[in-house]
Amino acid sequence: MSQSFPITENDRDSWTEVTPGQTVFGVDFPFQLPGDLRVSRVAAVGEVPVELTLDLDYTVTGAGSPAGGAVHLAVAPPSGTFVWITGLAPATRTTNITRAGRFNPAAMEEEFDRNAIRDMELRRDLTLERSERIAADAALGERIDTERAERIAADEALEAADIVLQANIDGEAGTRAAADAVLQANIDALEVSSSAALEAEQAARIAADAALQVAVDDLDATKAEKSTPVTGTGLARVTATLAAPIVIDVPKASPAAALAGELDDVAVTPATAKIAIDDRFGPDFYTEEGQTAVSTIASLDGVPLIDFDRDGVMSTPDQTDFYTEESDGTATALISSDGAMLLGWDSDGRLIGATSGEVDFYTEEGDARSALVSSDGAELLKFDQEGNILTPELTDFYTEESDGVSAVMVSSDGAELLKWDEDGKLVGSVNTELDFYTEEGGPHTVLTSSDGAVLREWPGDDAPASGIGNLQPYVSGTQLRAIGGGSDYLLFDMGDIEVLATHAVSPDYVAAVIDRPSIGPGTLILAKPGERWWWPGDDKVLRLKVGTGQSLKVAQHSSINPTLTGQTRPGAWMFTTTGYSDVRMGRAPNAVTEFTESYLVGFEPLTPKAASGSSIHVETMMESLAFRLSDEFTEAFPDREYGGLYIVSAQGGTAYTGLKKGTAVYNNMLTAVTRAKLLAPLYGYTSVLVEYISVKHGEADAGNVSYKDNLIEWRADYDADIRAITGQTAPVHFIMQMPSSDRNGDAGHYATKAMLDLHNESPYFHVSGADYPYLDEYYVDAAPTNQFLHLTGPGTHFAGEYVYLAERAVFGSRFGKGQIVQMVGATITGLDVELQFSTPYPPLVFDTTTISERDWRGIVIRDSAGDYAVASGSITDDGSTDGIGRMTLTLAAAPTGTGLEARVARSNHPGGDINLNPRTAATVPRSNIRDSAPFVSTYDGSPLHNWAVPQIFPIT
């Protein structure tokens, strides 16, 4: 041991928790050189250490002192973090033991001291590794012992089951032998008795045939004396050409007015009329030769009325007009004996029929008669003795060859008129302008079940205040409307969205199919009176809500005041993994590694959880989005559930190049979608749909001039890859949350500009807003790189709700676009500058109370000569008339340069060294311009207005 530099036993390791403002950290063991120390900063226990650089991040004093020394940091770390100092002498020679050609004892002492230091450090590291390996070996041994015991128990259980199974097999064999003997004896006895019974039955049939022929001859003679033909619309069976009309016999005693044609073009089936089918054609409603479709019912002038294909599906031919050539108005397809219309179609092929109370569509014997039967004998339409149309209890409304729902009646333009599901339940829709009630105007039940329950009812002009049955939807112009409870509701103005079909499904709401794609070319929606949005109507579709981006998407620092801890919602899911499970699929927020499909094993209720290996990444935007979707859907439709699977695949501090196609973040997203489609049926879903990706990104690409092209490429890649997995028709959209942390002036605004440009140029990109409206919820600590960049729990909650509002505007309204406040026009006359802003929810206002003012209401007027002060300004039109708000700003001096422009929320944080020029509350880019959107946060009830987005607009 050196006398001047004693080396004593020490683990040469120091771990110190930082106190406020602390920059000096003691080293309690001797070291020879400043480079013999490794200094690291650790955010929290369990976090990855960040190694610091000598002479850049810190300096060292006390090298060569037997008492140790100190480390001096250039910048004080945040209070509560840790500084870790470890002895780590390099394995190199630092001295020469000869000096001036002679061995130098001091040099040899220094080298021996260094060897002792390295020996202690090596022993420290080996001891630590040995303890870790011993613990791992013990855990592995325990798992092996447990698995061995489980397998022994399983083998013993299997052996016992085999013994029981063999005994059952032996017993079954004996039982079957005895049963076979009894069966053979019965067969022998049956053969003896059957021969005599068959001979007796043949003799009886010969006698019955003779008696039937006598009765038929008598009936033909009676018909010839008492019948007369009827002209007008009738019933006929046709194949390729009209042939063999269905026979309608009309007694001469029927009303003279009907026979004389006094009912104009309405053909009347008299009171005792019966429908008879020519036996030569049989009961199957399609040809054996397999023609595409054959008309079963046609008018007497040869116009087809209803078709059946080989699967028993009814449809109306493309050219069907449902009236005779002689008729220029409504023609009756089926009429009751007293002339009341049962089922009718107008000249455009729309069903306008009603049922009457005295219809005699039954046989003289009084039993119910099927009016229409499918090719395999299933009853399609049936009438009871009171003329009510019945849905038979065992009707499946499709042939044995069919395994799906069959449209029973369809209009000539493809709209469904009447439809039944596989259980025989009526699920049909009503198309436009149907009244389905008698001219007398009273409420009239059109269809009832076989036990008298009301299936559908349409009110008349004098309907009571509370109607019976479901809301009845219809379309008038561009409006989707519904009738019920004595009221006529305007549900939505659909704009240019076509309603393909409507369905009466509930007393409280209706369903409709619109021409926006989803899984297929159309989307089933639910619409309820008083609701702001329409909602998805297919409970069997699992909607995947996918999020990507960087640190704000993985929710760094959301551990401060999280708002939804421990909460879940019905139908809101996240993946269960083979390891740690959270909405981020168990990936570390700053170091994402790729996984395989087998890693994702199921779904579990979504709830906010800390990220893997981190205590500061907790509640993401996806939880407030999910819970608000679930809550508002359930409030509107208590009998239904909104199914959503929520996924975040993102990585902190990562530019587009680290998130694009081919990266671990991208590949994990596709693996998750693939796995979701496979697992969804286990939870009652038949398909999965990705409508959009929620993007919170741009901070790392603020200065990227190609970011717009990157976004286009990013969405196109996801769109192609996701649709190939899900099979959906719908394109994948991007809903983007803009950053408010830009630095370096115009050199740092490319990300926000790219987002806004694409919002205005593409139907697939949508901006949900910027971060500055929740200015008070930025995370703030002593580290300049974290100042006013990340969001606390409440800020993350607000951001998720703005994504919710954008989603509802895009997919739940006729707008199909996120609703934001932005400049749409700017002109100058003299000193007066007029700015025009889109105002989704008027009135447009200045608000300097919620957001502190920067610049003049967040506006800067600039040209090549510099900025121009605003002497005064006011809102001259709040947007209530046309959704465009207008304001006039009077400049203090006339502009003298070129390229005059208005800049809103575009005064960035300062650039340069962030340690010298940190972000502050005063330098957050922001404006004081907002609309008056009526939404409030589920967190604290604060308003969720739309605030003007960061923007630069030319003034003309």
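Everything numeric here is computed off the predicted structure, so don't read it as measured data.

1. Quick notes on the overall build of the protein
Turning to step 1, where the next piece is worked out: Each helix and strand in the protein was counted, giving seven helices and 51 strands.
Turning to step 2, where the next piece is worked out: Evaluated residue by residue, the protein yields a buried proportion of 47% over its 956 residues.
Turning to step 3, where the next piece is worked out: In the protein, once contacts between residues fewer than 6 apart in sequence are set aside, the share between residues at least 24 apart is 66%.
Turning to step 4, where the next piece is worked out: A total accessible area of about 44,200 Å² is found for the protein, and carbon and sulfur atoms account for 53% of it.

2. A closer look at the pattern of salt bridges
Turning to step 1, where the next piece is worked out: Inspection of every chain in the model, using the stated rule, returns 26 salt bridges.
Turning to step 2, where the next piece is worked out: Lys661 serves as the salt-bridge partner of Asp721, at 3.4 Å between the closest nitrogen and oxygen. Note that Asp721 is positioned in helix H5 (residues 707–726) and Lys661 in the loop between strand E37 (644–648) and helix H4 (664–679), a separation of 60 residues in sequence.
Turning to step 3, where the next piece is worked out: Look at Asp721 and you get buried, because its relative accessible area is 17%.

3. Quick notes on the sheet that holds strand E48 (residues 884–891)
Strand pairing in a sheet relies on backbone hydrogen bonds. The paired strands run either parallel or antiparallel.
Turning to step 1, where the next piece is worked out: Spatially, the four strands line up as an open sheet ordered E42-E43-E48-E47, and their pairing is antiparallel. A single partner strand is all that each edge strand has here, and the edge strands are strand E42 (823–829) and strand E47 (870–877). Averaged over all adjacent pairs, the angle separating strand axes in this sheet is 20 degrees, with direction ignored.
Turning to step 2, where the next piece is worked out: When E47 meets E48, the two strands line up antiparallel, connected through six bridges. Counterpart to Ser872 in the pairing with E48 is Thr890.

4. As for the packing of helix H3 (residues 621–636) against helix H7 (residues 793–811)
Each pair of packed helices can be summarised by the angle the axes make with each other and by the distance between the axes.
Turning to step 1, where the next piece is worked out: Between H3 and H7, whose axes approach to 7 Å, the crossing angle comes to 50 degrees. By the angle between their axes, H3 is oblique relative to H7. Viewed along their axes, H3 and H7 form a crossing whose handedness is right-handed. Contacts between H3 and H7 pair Met621, Ser624, Leu625, Arg628, Leu629 and Glu632 from the former with Thr796, His797, Ala799, Gly800, Glu801, Val803, Tyr804, Glu807 and Arg808 from the latter.
Turning to step 2, where the next piece is worked out: Here the contact of H3 with H7 is composed, by residue class, of six nonpolar, four polar and five charged.

5. Quick look at the environment of Phe25
Turning to step 1, where the next piece is worked out: Tracing the backbone through its elements, the reader meets Phe25 in strand E2 (residues 24–27).
Turning to step 2, where the next piece is worked out: For Phe25, a relative accessible area of 1% translates into the label buried.
Turning to step 3, where the next piece is worked out: Sequence-distant contacts of Phe25, that is, excluding residues within four places in its chain, are made with Thr16, Val18, Ala70, Val71, Leu73, Pro77, Val83 and Ile85.

6. Notes on the pairing of strand E49 (residues 901–904)
Every other side chain in a regular strand lies on the same face of the sheet, so the side chains alternate between the two faces.
Turning to step 1, where the next piece is worked out: Pairing geometry for strand E45 (residues 859–863) and E49, over four bridges, is antiparallel. Residue pairing across strands places Ile861 opposite Ala902, the latter belonging to E49.
Turning to step 2, where the next piece is worked out: Two elements, E49 and strand E51 (residues 951–954), share four bridges in a ladder whose sense is antiparallel. Looking across to E51, one finds that Val904 is bridged to Gln951.

7. A few points about the packing of aromatic side chains
In this description, an aromatic ring pair is defined by two values, namely the gap between the centres and the angle between the planes.
Turning to step 1, where the next piece is worked out: The tally for this structure, following the rule as stated, stands at 26 aromatic pairs.
Turning to step 2, where the next piece is worked out: Ring centres 5.9 Å apart and planes at 65 degrees place the aromatic pair Phe798 and Tyr939 in the edge-to-face group. In this pair, Phe798 is assigned in helix H7 and Tyr939 in the loop between strand E50 (929–930) and E51, connecting sequence segments 141 residues apart.
Turning to step 3, where the next piece is worked out: Put simply, the rings of Tyr509, Trp535, Phe633, Phe637 and Tyr642 pair up and form one aromatic cluster.
Turning to step 4, where the next piece is worked out: One residue, Arg857, lies across the ring of Phe846, its end atom 5.3 Å from the ring centre.
Turning to step 5, where the next piece is worked out: If you follow Arg857 out to its NZ or CZ, it ends over the ring of Trp856, 4.5 Å from the centre.

8. Regarding the pairing of strand E31 (residues 510–514)
Turning to step 1, where the next piece is worked out: With respect to burial, E31 is a largely interior element, four of its five residues being buried.
Turning to step 2, where the next piece is worked out: Bridging between strand E30 (residues 499–504) and E31 involves five bridges; their strand directions are antiparallel. Its bridge partner lying in E31, His503 is registered against Ala511.
Turning to step 3, where the next piece is worked out: Between E30 and E31, which pair antiparallel one after the other, the connecting turn spans five residues.
Turning to step 4, where the next piece is worked out: As defined by bridge partners, E31 adjoins strand E32 (residues 523–527) across five bridges and the pair is classed as antiparallel.

9. Some points on unusual backbone geometry
Turning to step 1, where the next piece is worked out: That bond from Pro842 to Pro843 is cis: its omega, 5 degrees, falls within 30 degrees of zero.
Turning to step 2, where the next piece is worked out: With respect to the element layout, Pro843 can be found in the loop between strand E43 (832–838) and strand E44 (845–846).
Turning to step 3, where the next piece is worked out: Positive phi is not limited to glycine here, since Ala905 has a value of about 55 degrees.
Turning to step 4, where the next piece is worked out: Residue placement: Ala905 occurs in the loop between E49 and E50.
Turning to step 5, where the next piece is worked out: Residue Ala905 is classed as buried on the basis of its relative accessible area of 1%.

10. With respect to the side chain of Gln651
Turning to step 1, where the next piece is worked out: Relative to the assigned elements, Gln651 resides in the loop between E37 and H4.
Turning to step 2, where the next piece is worked out: Within the local environment of Gln651, its side chain forms a polar contact with the backbone nitrogen of Val592, the two atoms lying 2.8 Å apart.
Turning to step 3, where the next piece is worked out: A distance of 3.1 Å separates the side chain of Gln651 from the side chain of Thr654, its partner in a polar contact.
Turning to step 4, where the next piece is worked out: Beyond its immediate stretch of four places on either side in the chain, Gln651 contacts Gly549, Gln550, Ser551, Val554, Pro589, Asn590, Ala591, Val592, Leu659 and Val665.

11. Observations concerning the sheet that holds strand E5 (residues 58–61)
Turning to step 1, where the next piece is worked out: Reading across from one edge, E2-E6-E5 is the order of the three strands in this open sheet, with antiparallel pairing throughout. Each edge of the open sheet is held by one strand with a lone partner, namely E2 and E5. Shown here is a sheet whose adjacent strand axes are inclined to one another by a mean of 20 degrees, direction ignored.
Turning to step 2, where the next piece is worked out: Two strands pair when backbone bridges link them, and E5 and strand E6 (residues 69–73) are joined in this way by four bridges, in the antiparallel orientation. Considered in E6, the bridge of Val60 is made with Val71.

12. Regarding a negative patch on the surface
Turning to step 1, where the next piece is worked out: On the surface, a cluster of negative charge is made up of Asp155, Glu156, Glu159 and Asp162.
Turning to step 2, where the next piece is worked out: Structurally, the position occupied by Asp162 is in helix H1 (residues 105–226).

13. A look at the packing of H5 against helix H6 (residues 750–761)
Turning to step 1, where the next piece is worked out: Following both chains from N to C, one finds H5 and H6 inclined at 55 degrees, their axes separated by 8 Å at the closest point. Classified by the angle between their axes, H5 and H6 sit oblique to one another. Relative to H6, H5 is oriented so that their crossing is right-handed. Facing Tyr707, Lys708, Leu711 and Ile712 of H5, the residues of H6 in contact are Tyr750, Ala751, Ala754, Met755, Asp757, Leu758 and Glu761.
Turning to step 2, where the next piece is worked out: When the residues that make up the contact of H5 with H6 are grouped by side-chain class, the tally is eight nonpolar, no polar and three charged.

14. Concerning H5
Turning to step 1, where the next piece is worked out: Over its 20 residues, H5 extends 28 Å from the first C-alpha to the last, a length consistent with the 28 Å expected when each residue adds 1.5 Å.
Turning to step 2, where the next piece is worked out: Inspection of H5 places Tyr707, Asn710, Leu711, Trp714, Arg715, Tyr718, Asp719, Asp721, Ile722, Ile725 and Thr726 among the buried residues, and these make up the whole buried set.
Turning to step 3, where the next piece is worked out: Immediately beyond the C-terminal end of H5, within one or two residues, lies Gly727, with a positive phi of roughly 80 degrees.

15. Quick word on the environment of Trp15
Turning to step 1, where the next piece is worked out: Tracing the backbone shows Trp15 in strand E1 (residues 13–17).
Turning to step 2, where the next piece is worked out: With relative accessibility at 43%, the residue Trp15 sits in the partly exposed group.
Turning to step 3, where the next piece is worked out: Along the backbone, Trp15 and Ile85 are 70 residues apart, and their C-alpha atoms lie at a distance of 6.4 Å.
Turning to step 4, where the next piece is worked out: Those residues within four positions of Trp15 in sequence are excluded, and the remaining contacts are Val42, Phe82, Val83 and Trp84.

16. Here we look at the nonpolar core
Turning to step 1, where the next piece is worked out: Of all hydrophobic cores here, the largest spans 122 residues; its most connected members are Leu544, Phe575, Tyr646, Leu711, Leu835 and Phe837.
Turning to step 2, where the next piece is worked out: Core analysis: the second largest hydrophobic core is formed by 15 residues, Leu480, Val510, Ala512 and Ile525 among them.

17. Topic: H6
Turning to step 1, where the next piece is worked out: Between its terminal C-alpha atoms H6 stretches 16 Å, which fits the 16 Å expected from twelve residues at 1.5 Å a residue.
Turning to step 2, where the next piece is worked out: Ala751, Thr752, Ala754, Met755, Leu756, Asp757, Leu758 and His759 are the residues of H6 that are buried.
Turning to step 3, where the next piece is worked out: On its buried face, H6 is in contact with H5, strand E40 (733–738), strand E41 (765–770) and E51.

18. A word on the side chain of His759
Turning to step 1, where the next piece is worked out: Along the polypeptide, His759 turns up in helix H6.
Turning to step 2, where the next piece is worked out: If near-sequence neighbours (up to four positions away) are discounted, His759 is found in contact with Phe765, His766, Val767, Lys817, Gly818, Ile820 and Gln822.

Calculation rules
Residues numbered from 1 in each chain as written. Predicted model: local features only at pLDDT ≥ 70, side-chain atom pairs only at ≥ 80, totals over all residues. Heavy atoms only, no water. Helix = DSSP H or I, 4+ residues; strand = E, 2+ residues; numbered from the N terminus. Buried < 20%, exposed > 50% of the residue type's maximum accessible area, 1.4 Å probe, protein only. Contact = heavy atoms within 4.5 Å. Areas by Shrake-Rupley, 256 points an atom, 1.4 Å probe, with all protein chains shown as cover. Salt bridge = Lys/Arg side-chain N within 4 Å of Asp/Glu carboxyl O. Pairing = 2+ DSSP bridges. Axes fitted to C-alpha atoms, helices over the stretch in contact; angles between N-to-C directions. Parallel < 35°, antiparallel > 145°, perpendicular 65-115°, else oblique. Left-handed = near helix turned anticlockwise from the far one by under 90°. Nonpolar A, V, L, I, M, F, W, Y, C, P; charged D, E, K, R; others polar. Phe/Tyr/Trp six-rings, centres within 6.5 Å; stacked < 30°, edge-to-face > 60°. Lys NZ or Arg CZ within 6 Å of the ring centre and 35° of its normal. Polar contact = N/O pair within 3.5 Å; in protein donor to acceptor, adjacent residues only side chain to side chain. Patch = residues over 30% accessible without salt bridge, like charges linked within 9 Å, V, L, I, M, F, W, Y side chains within 5 Å. Lys, Arg positive; Asp, Glu negative; His and termini not counted. Charge placed at Lys NZ, Arg CZ, Asp CG, Glu CD. Expected span 1.5 Å × (residues − 1). Core = buried A, V, L, I, M, F, W, Y, C linked by side-chain atoms within 4.5 Å.

The quantities given are spatial measurements derived from coordinates; they are silent on function.
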